[in-house]
Amino acid sequence: MTIDELNKTIASIEADVAARLPDVATVDALRGMETGVIGKSGSLGALIASIKEYPPEQRGAVGQAVNKAKVRVQALVKQRLDELESADESAEAGRSSTFDTSLPGSLFPMGSVHPVTAVQWEIERAFERLGFTVEAGPEMETEYNNFEALNIPADHPARDMQDTFWLKSGMVMRTHTSPVQHRSMLKFGAPLRVIAPGRCFRYETVDASHETTFHQVEGLLIDRDISIPNLIAMAKMLLAEVMQREVELRVRPGFFPFVEPGIEIDMNCQICGGGGCATCKRSGWIEILPAGMVHPNVLRAGGIDTDIYSGFAFGVGLTRLAMMKYQIRDIRVLNAGDLRALVSPRRLSGPILERGTSSTACGGGD
Amino acid sequence: MLISINWIRSFVDLPKDIDPRDLAERFTRTTAEVDALEPIHIDARGLIVARVLGVDELAESRNLRCATLDVGNGRTVETVTAAPVIRVDANVVYAPQGASVKTLGTINEAKVAGKTSVGMILPGEAIGIAEATQDAIFPGNNLEAGSPLAPELFEDWVMEVDNKSITNRPDLWGHYGVAREIAAIYGLPLKPYPVVSMDELSNPASPEIEIAIADADACPRYSALLVAGVATQPAPLWMQLRLGHVGQRPISGLVDLTNYIMADLGQPMHAFDADKVDRIEVARAKDAERFTTLDGMERHLTTADLMIQSGGRSVALAGVMGGLESEVAESTVTLLLESANFNPATIRKTAGRLGLRTDASARFEKSLDPAHTVLAIQRFIELARPMYSNLVLKSRLSDEFAKTSQPVTVSVNPKHVARTIGHELPTSEIVNILKPLGFTVTEKDAELSIAVPSYRATGDVSIEVDVIEELARFVGYNTIEPVMPRVSVRRFEPNAVHELEQRTLAYFTRVHALHEIHGYCWYDATWCRQLGVDPEQGVELANPASAGLQWMRRSMMPSMFAALVRNRFYFPEVKMIELGSVFEYARPQDQQFRNVGLLSAQRGKRAEHNLYNELKGSVAGWAWEHFGQSVTFSRAATDPHAIWQHPTQTAAIRLGDVDVGIVSVVDLALRRRMDEHLGAWSIAFAELRLDQLATMGRRIESLESIPEFPRVDLDFSILVSKTRAYAEVVDALTAIEHPLLQRISFVSDFEGDAIGADRRSLTFRTVVGANDRTLVDGDAGAFRTAMEQHLTTAGFEIRR
Ligand SMILES: [Zn+2]
């Protein structure tokens, strides 16, 4: 083929491409056509393959002509591709006008932690932010750790307050998380900041507000110059973190042998808001946080130098707090394993229809 | 403990218009929580005293009788009454026609049982003595018939304080001690305790009662007095009303009087018939001694029990209850009045062992003030004189103070006060707080020397912090401005078990979408037996919540199965996790461990292997996440306790050489034993032991760089007999050493007709490549040949 013939052929290929392009309707067809022209066995592709058949002195010009043609064809294809894609977009846009954006999504299965664990984790996080460590102790405790180490000697009337589950071995099911105070003092010494969530046991008749098995969180802070104002500040922070709002406190004397002074911190009832209801026995207050300054005998039993250090301790009724937070009225559901009472229905059955919350997207009413 | 505000008013001049609710709130914030505050509102109008002239039975009724009453001014009336006891010649509380009380309204003339009944003899409950219910109240004969009864006499407010919250405050077990607190709260003076003087009781001409205390630790003090002329005259109405308001039923003049002093001062007293008890010995009971208490019960005693004896004969169980034989009777002429102090632990043990908790023992258990023994006798005479005109003292007040207690003085450093309450307290303020409570403050160098009053010195206030508590509560906890503490920074070694527990809960609830439940840590024996488990092994409670709940759990499964039964109707699938303690019998000490139970169940048969595989998969993921290691599964040995583990489909889970737990399916027989409906379910479960893993640490999984040279995947399907385990094949497969082998993973386990009924095909995928060059033609083929040869040598057949 002479160079002239070549140029003519190129021109006719380009013209043919330009003529056929408007009829190409899909991206796939466009790609097919492109391959048919510039692919190895395509019309232009064949010309590219033929370059080496020309004498060496012509190859430069031939190559240039063919390659330029290839670039122009590619540009035409690209132009058509853009047209097709924008047509696709507007087609999609057309479909979108009937697309219901207000439908709920497909849910992934979600598990859940027990309400008591949920509150426990919040408390752990709140105290970890303040540099407390989280400890645990055994549920089956020695009599010494549960009582004597906490300034409750054998004949102390306070043992009446703790109706205890005894094991045949002479061990006890711990009546409070306070033994962890003693264990932590021995483990870490002072200064000390520790909380200890866990299960406790009291020999009680079970009813809507009493359980044999419940959870507490023990808190203990030992350092220099620790005061009652420090204790109250910590209690206020703790309750506000859990309830996710400021709470009102009532502080009153309380007697626990392992603290002196001993106090009871009440929170305004979150069920009735303080007006009085069955849960708060009409008082508007919920007894939630027994606390106090650690008794010197307890510090000494834990090997702490009382000339240098003092501290406070508290025991939050974790179960009570979870009941307040999640408005659980009967304590018995917490240990019954009935998922209907323990898990938010959203997690069990997917979206729950609610009045007036999904109206804006489709412009409908409620 | 019930507290009558009227009673308090006899010791403190509280303003007339004081709001009892304010009083209760201030008492709560300063002293002890008031659990309840109730008005006693009788709204009595026109009540009078009437004298019973006669009582006639009524033919028409067995429960009602007709009383003829002198209502004053020479008038007599007939009234029908339901009171079970009406004493002739006794005064009664009477509502004439037109009089009224709140609960009964206006009293009129009425036709009752065929009689015209005029007015009404008021029963106890109508005038505020609830315990007396239908009983008539006999207010004593000091008043003339027809005397009006002032309405105020019946009105009161009653505060209830939980006994547990004043267990450390024996002084608050009597109204006088409570009045002292209330006086201090309101800044009002407390009146001196009204008693006769000691001079009156110490006439040297009167005989002394012999008192011999054998065990001074058990009975530090014993005071006694002989009194004659205490007739069967009832206590005055005001006294009966006050006792009624604090929940006591009036019984007789003498009993009411000692009950009144117990509620007044907190000191229990006992009266013996002096004909039977004329001298006192305090000693331990004889071993296996039998003794009949006032309530007619024969008690079996030990040498730990303290007795009051007279002439070697036991007459009372000290501090708990008197004896039947020496009880005061109508015939009693002279009383021996006991007012003693006992060791709290001794009384507590006896009362506890005999299951005989009396009002007296409850108080003695709290460490009473030894000074009160004498004070109570002085108070007795003070109150008895107006009641009994013939009262005669037959002895001196005899007082054996066998073990005198040292006065308690506490040294208080004002700096420590400031440190604890957060601000300085001037000495003047310290004195202002402590003085009304009975403390004496002396300044001594930089410190304060605080003398503790005897009624607070029996263990309640003994060291500096005890005094600081007194100051803090009167400064007012609610006035204290909260301040965050200043602390020292230090690192704490984390508690590995707790961390693993919480991360484990987080993992399975998120990744496997399990729901966490809590159960009890003791087995329910009935349920265990239904499952076919013998619960009677392991650790046992001495005092279970109820019979059948005494065995501590050894596995999480039985209670999780029970939870499944509870949920089966409400959900098509139930996926649960429980974290908790399990217990194993061991000597010298029982053991406890922390376990996690995983239960996955769904309605519909034959899905258990699916659930089982999911559990295995999520346990494997948990192990990677927390330990950076792979778990392995192998056929578990049968656990004779855990019969719910499938005999052939329970896998032992191991992590390195640590035994992690098991995963299993639940067979049809067990599902049916749980509940008939579960026959149509599929259930799998796993139980993991956390303790040993907590210290395992986490292997760091380093990340790989993107391969520089391409790699190819080559799959190998290996035909094995169904009797051979995946683990065997893996062992063989991983034994190969080849420079191009990068890693091997498991693809599938296939069974089908094409390969024969007794065989299955396990497919594995190998990744083949070199790190320093591109694979060349023949590399992949050479690897395939090498692997096939390796497997064939190991005795496996390759499926092509
Ligand atoms: Zn409320």
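Here, the structure is the one placed above.
Residues numbered from 1 in each chain as written. Chains lettered and ligands numbered in written order. Predicted model: local features only at pLDDT ≥ 70, side-chain atom pairs only at ≥ 80, totals over all residues. Heavy atoms only, no water.

Undergrad: Explain the pattern of salt bridges to me, and be specific about the residues and the numbers.
TA: All chains considered together, the criterion is met by 66 salt bridges over all chains. For Arg340(A), the salt bridge goes to Asp338(A), with nearest N and O atoms at 2.7 Å. (Salt bridge = Lys/Arg side-chain N within 4 Å of Asp/Glu carboxyl O.)

Undergrad: Can you explain the coordination of the zinc ion? Please cite residues and give values.
TA: In an ideal octahedron of six donors the angles at the metal are 90 or 180 degrees, and in an ideal tetrahedron of four donors they are 109.5 degrees. Protein coordination at the zinc ion: the donors are Cys269(A) (SG), Cys272(A) (SG), Cys277(A) (SG) and Cys280(A) (SG), at 2.2 to 2.3 Å from the metal. When the donor residues of the zinc ion are listed from N- to C-terminus, their spacing reads C-x2-C-x4-C-x2-C. (Donors = N, O, S within 2.8 Å, 3.2 Å for Na, K, Ca; no water.)

Undergrad: Explain the side chain of His176(A) to me, and be specific about the residues and the numbers.
TA: Residues and elements named next belong to chain A. Among the secondary structure elements, His176 is positioned in the loop between strand E4 (172–173) and helix H7 (179–188). Looking at His176, the relative accessible area reads 2%, which means it is buried. From its side chain, His176 meets the backbone oxygen of Asn146 in a polar contact 3.0 Å long. (Helix = DSSP H or I, 4+ residues; strand = E, 2+ residues; numbered from the N terminus. Buried < 20%, exposed > 50% of the residue type's maximum accessible area, 1.4 Å probe, protein only. Polar contact = N/O pair within 3.5 Å; in protein donor to acceptor, adjacent residues only side chain to side chain.)

Undergrad: How would you summarise the pairing of strand E5 (residues 76–81) of chain B if you had to cite specific residues and measurements?
TA: Summarising the sheet, strand E4 (residues 61–70) of chain B and E5(B) pair through six bridges and their orientation is antiparallel. Of the residues in E5(B), the one forming a bridge with Ala67(B) is Thr79(B). (Pairing = 2+ DSSP bridges.)

Undergrad: Could you give me a rundown of the state of the cysteines, with the residues and numbers involved?
TA: Counted according to the given criterion, the structure contains zero disulfides over all chains. In this structure Cys528(B) is not part of a disulfide, and its nearest cysteine sulfur, from Cys521(B), lies 13 Å away. (Disulfide = S-S within 2.5 Å.)

Undergrad: Account for the nonpolar core, with residues named and values stated.
TA: Proteins that are soluble and globular tend to have nonpolar side chains buried together. Counting 164 residues, the largest nonpolar core has Ile123(A), Leu289(A), Phe314(A), Leu321(A), Met159(B), Phe561(B) and Met674(B) as its most contacted members. Residues in contact with Phe314(A), not counting those within four places in the same chain, are Phe127(A), Val217(A), Glu218(A), Gly219(A), Leu231(A), Met234(A), Leu238(A), Leu289(A), Pro290(A) and Ala291(A). (Core = buried A, V, L, I, M, F, W, Y, C linked by side-chain atoms within 4.5 Å. Contact = heavy atoms within 4.5 Å.)

Undergrad: I'd like to hear about the interface of chain B and chain A, residue by residue, with values.
TA: Between chain B and chain A, the residue contacts involve 83 residues of the former and 93 residues of the latter. Here chain B and chain A share an interface that buries about 7300 Å² over both sides, 57% of which is from carbon and sulfur atoms. A per-residue breakdown of the area chain B buries against chain A is headed by Arg419(B), Phe492(B) and His518(B), which together make up 10% of the total. The tally of links from chain B across to chain A stands at five salt bridges. One salt bridge connects Arg594(B) with Glu139(A), and the closest N-O pair in it is separated by 3.1 Å. For the interface between chain B and chain A, the tally reads 37 residue pairs in polar contact (both at pLDDT 80 or more). (Buried area = accessible area lost by both parts, 1.4 Å probe.)

Undergrad: Explain the pairing of strand E25 (residues 408–412) of chain B to me, using residue names and the numbers behind them.
TA: Residues and elements named next belong to chain B. Burial of E25 is one-sided: the residues Val408, Val410 and Val412 facing one way are buried, the residues Thr409 and Ser411 facing the other way are not. Relative to strand E27 (residues 447–452), E25 runs antiparallel, the two being bridged by five bridges. From the neighbouring strand, Val412 faces E27, where its bridge partner is Leu448.

Undergrad: Explain the packing of aromatic side chains to me, and be specific about the residues and the numbers.
TA: To describe a pair of aromatic rings, you give the distance between the ring centres and the angle between the ring planes. All names here are of chain B. One pass over the full model with this rule turns up 24 aromatic pairs over all chains. Taken together, a centroid distance of 4.3 Å and an interplanar angle of 10° make the contact between Trp7 and Tyr260 stacked. A residue pair is termed long-range when its members are at least 10 positions apart, and Trp7 in helix H1 (residues 5–9) and Tyr260 in helix H6 (residues 253–265) qualify at 253 residues. Where Tyr176 meets Tyr193, the ring centres are 4.7 Å apart and the plane angle is 50°; that geometry is what we call tilted. (Phe/Tyr/Trp six-rings, centres within 6.5 Å; stacked < 30°, edge-to-face > 60°.)

Undergrad: Outline a negative patch on the surface, listing residues and values.
TA: Residues and elements named next belong to chain A. A surface patch of negative charge is lined by Glu85, Asp88, Glu89 and Glu92. With respect to the element layout, Glu89 can be found in helix H4 (residues 56–96). The exposure class assigned to Glu89 is exposed, which follows from its relative accessible area of 56%. (Patch = residues over 30% accessible without salt bridge, like charges linked within 9 Å, V, L, I, M, F, W, Y side chains within 5 Å. Areas by Shrake-Rupley, 256 points an atom, 1.4 Å probe, with all protein chains shown as cover. Lys, Arg positive; Asp, Glu negative; His and termini not counted. Charge placed at Lys NZ, Arg CZ, Asp CG, Glu CD.)

Undergrad: So, the sheet that holds strand E35 (residues 712–721) of chain B: which residues are in play, and what are the values?
TA: Residues and elements named next belong to chain B. The strand order across the open sheet built from four strands is E36-E37-E35-E38, with neighbouring strands paired in antiparallel fashion. A strand with exactly one partner marks an edge of an open sheet, and here the two such strands are strand E36 (741–750) and strand E38 (797–799). Pairwise comparison of adjacent strand axes, ignoring direction, gives a mean angle of 35° for this sheet. The pairing of E36 with strand E37 (residues 759–768) spans eight bridges and is classified as antiparallel. Within E37, the position partnered with Phe750 by the bridge is Ser761. Contacts from helix H19 (residues 726–733) reach E35, E36 and E37 within the one sheet, and its direction differs from that of E37 by about 35°. With respect to the sheet, helix H20 (residues 779–793) is in contact with E35, E36, E37 and E38, its orientation differing from that of E35 by roughly 20°. (Axes fitted to C-alpha atoms, helices over the stretch in contact; angles between N-to-C directions.)

Undergrad: Describe the packing of helix H1 (residues 3–20) of chain A against helix H3 (residues 43–50) of chain A, with residues and values.
TA: All names here are of chain A. For the pair H1 and H3, interaxial distance at closest approach is 10 Å and the crossing angle is 155°. Between H1 and H3, the angle is such that the two are roughly antiparallel. The crossing of H1 and H3 is left-handed. Here Leu6, Thr9, Ile10 and Ile13 of H1 come into contact with H3, specifically with Ser43, Leu44 and Leu47. (Parallel < 35°, antiparallel > 145°, perpendicular 65-115°, else oblique. Left-handed = near helix turned anticlockwise from the far one by under 90°.)

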